[in-house]
Amino acid sequence: MKVREGDIVTAARVDAKYLSHPLVQQGRRIKVVSPAEGYVTAYSRNNQPFLKTTSGSTFQPGQRRSSNSLPDQGSLPLQHGMSQASNEALAMYSAINGQSTAQAQVARVLKMISSTASQGFINTEEKAELKARLIQGESVQVIENTLQQKIQHAQHQQASAPLASFTAERMAQDDEYLEALRQDRLKAEQRKKAEAERQLELEKQQIEKERAERLASEYKKRIGVLRARFANETHLSSPDCKRVRIVMPSGKKVQRQFHASDTVQDLHDFVEVWFFDNQETVKDFELVTSFPRVVLDQYRQTLEQQGFGPSTILYVHDLMA
């Protein structure tokens, strides 16, 4: 291959014969492009062939460093996933710089670790751990595989983060929607229950009202029958006439004449009719004689049997007062 000044070739084709090229011996430069680094420049110094990298390091072919330390990262091919040509360039470059291929690979992986950490694919602890494992002699391939796995895992998390966020937000919205539905259903059930209770109460009130009206009607009819019984008062000329003066709870005095054959129940019925006609609210009462005080509770006994004289005073005692 004929090389001219300014020619650009791959680093895999840089070897000793190019360094001894007349253009190099004359001090002229040949640009050599490395797919892993960028370019290096071949030139001569004091009639000795050299390679100069983009980092500025210069080495003679076959020269080895006196130090066993790793080579400068700037003077090495540092890209991950190198092609066959790049691997050949790495071997050639390592030989030129006096470094072994293994040392160059270690340096490359160290740079990969730093680059991966700077991109956020691994944290500080993981970075320190991987460097320690590499320096302690663990296989470069194992470290590279570990880096690849961590990068893929981080990329997967980054890719799935928006979906996870969207899913969480959607789940939260669904939960809110379901809770709103539950609250609406609960309110509807409460309204339905309240309406059922209201209807039941109305029905009870209606039943009570109808019952009260029926009782009032029956009571009114009963009072009408009783009133008819007391329409004709016994005359004083009757030999068995008993004059009874009744003192009501309100203090009013009512006087009426009864037959000696009338019963205590007849006296109760008369007072009950008087309460109804005079709109008195006394419902439960008893009749009591003045002296001696006797409660008339033998409703079937006649006035004669109770010992009524021609004139008797009775008091109405309201049992609810």
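Note that the coordinates shown come from a computational prediction; the quantities given were computed from them, not determined experimentally. (Residues numbered from 1 in each chain as written. Predicted model: local features only at pLDDT ≥ 70, side-chain atom pairs only at ≥ 80, totals over all residues. Heavy atoms only, no water.)

Chemist: Which residues make up the pattern of salt bridges, and what values do they have?
Modeler: Applying the stated criterion to the full structure yields 13 salt bridges. Arginine 170 serves as the salt-bridge partner of aspartate 174, at 3.5 Å between the closest nitrogen and oxygen. Of this pair, aspartate 174 and arginine 170 both sit in helix α6 (residues 140-229), separated by 4 residues, roughly a single helical turn. Aspartate 174 gets classed as partly exposed once you look at its relative accessible area, which sits at 34%. In this structure, the salt-bridge partner of glutamate 304 is lysine 242, at a minimum N-O distance of 3.6 Å. In this pair, glutamate 304 sits in the loop between β8 (285-289) and β9 (311-318) while lysine 242 sits in strand β6 (residues 241-247), placing the two residues 62 residues apart along the sequence. (Salt bridge = Lys/Arg side-chain N within 4 Å of Asp/Glu carboxyl O. Helix = DSSP H or I, 4+ residues; strand = E, 2+ residues; numbered from the N terminus. Buried < 20%, exposed > 50% of the residue type's maximum accessible area, 1.4 Å probe, protein only.)

Chemist: Please set out unusual backbone geometry residue by residue, giving values where relevant.
Modeler: Of the consecutive residues phenylalanine 291 and proline 292, the connecting peptide bond is found in the cis state with omega at -10°. In this fold, proline 292 is placed in the loop between β8 and β9. Even without glycine at this site, glutamine 279 takes up a positive phi of about 55°.

Chemist: Break down the pairing of β6 for me, citing the residues and quoting the values.
Modeler: A large share of β6 lies buried, amounting to 5 of its 7 residues. Hairpin remark: β6 followed by strand β7 (residues 253-259), antiparallel, with 5 residues in the connecting loop; positive phi at glycine 251, about 100°. As paired elements, β6 and β9 share 5 bridges and run parallel to each other. Bridge pairing in β9 places arginine 243 opposite serine 311. (Pairing = 2+ DSSP bridges.)

Purely spatial values, then, with no claim about function.
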